[in-house]
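Fold and geometry: a report
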Amino acid sequence: MTEFDKTKYNTIAALKNLCSYCRENREHVCPVRELALRIENLRGVPIIVNDHLHHVMFN
């Protein structure tokens, strides 16, 4: 797992804690869930400098 994927996973996990339905993985419609899905679908090429995520080129 790349640093980019770790960052995405941590961000999605933090977002899911904002909504009790998201925390329980229940199907529903809310802005938090939509934002988490948008972040999950981000695809990019991480640019790593000296073992640190420096930037991401989105394609």
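Here the structure is shown first, and the text comes after it.
Quick look at the structure, then. Since the model is a prediction, treat every value here as computed from it, not as a measurement. (Residues numbered from 1 in each chain as written. Predicted model: local features only at pLDDT ≥ 70, side-chain atom pairs only at ≥ 80, totals over all residues. Heavy atoms only, no water.)

1. Quick notes on the layout of surface pockets
Note the threshold: In this analysis a 1.4 Å probe is tested at points of a 1 Å grid over the protein atoms alone, and where it fits but cannot get out there is a cavity; an open set with protein on both sides within 12 Å along at least five of seven lines is a pocket; lining residues have an atom within 4 Å of a point. Grid points are joined across faces, edges and corners, and a volume is the space filled by probe spheres set on the points. Numbering of helices and strands runs from the N terminus; a helix is a DSSP stretch of H or I covering at least four residues, while a strand is a stretch of E covering at least two.
Considering only enclosed or pocket space, the largest pocket measures out at about 150 Å³ in volume. Surrounding the largest pocket, K16, Y21, C22, N25, R26, E27, H28, R33, A36, L37 and E40 form its lining. Contributions of two or more residues to the lining of the largest pocket are made by α2 (20–23) and α3 (31–40). Looking at the lining of the largest pocket, the element that brings in the most residues is α3, giving four residues.

2. Let's talk about the pairing of strand β1 (residues 44–49)
Basically, it comes down to this: Should DSSP find at least two bridges between two strands, the strands are taken to pair.
Here β1 pairs with strand β2 (residues 52–58) via six bridges, running antiparallel. Within β2, the position partnered with V45 by the bridge is M57. Between β1 and β2, which follow one another and run antiparallel, lie two residues, and N50 among them has a positive phi close to 55°.

3. Points about the environment of H28
Threshold: Contacts are residue-level and defined by heavy atoms, with any inter-residue pair within 4.5 Å sufficient. What qualifies as a polar contact is a pair of N or O atoms within 3.5 Å, subject to a donor-acceptor requirement within protein and to the restriction that residues adjacent in sequence count only when both atoms come from side chains.
Within the secondary structure layout, H28 lies in the loop between α2 and α3. If we skip the residues at most four places from it in the chain, H28 touches C19, Y21, C22 and R33. One polar contact links the side chain of H28 to the main-chain carbonyl oxygen of R26, over a distance of 2.8 Å.

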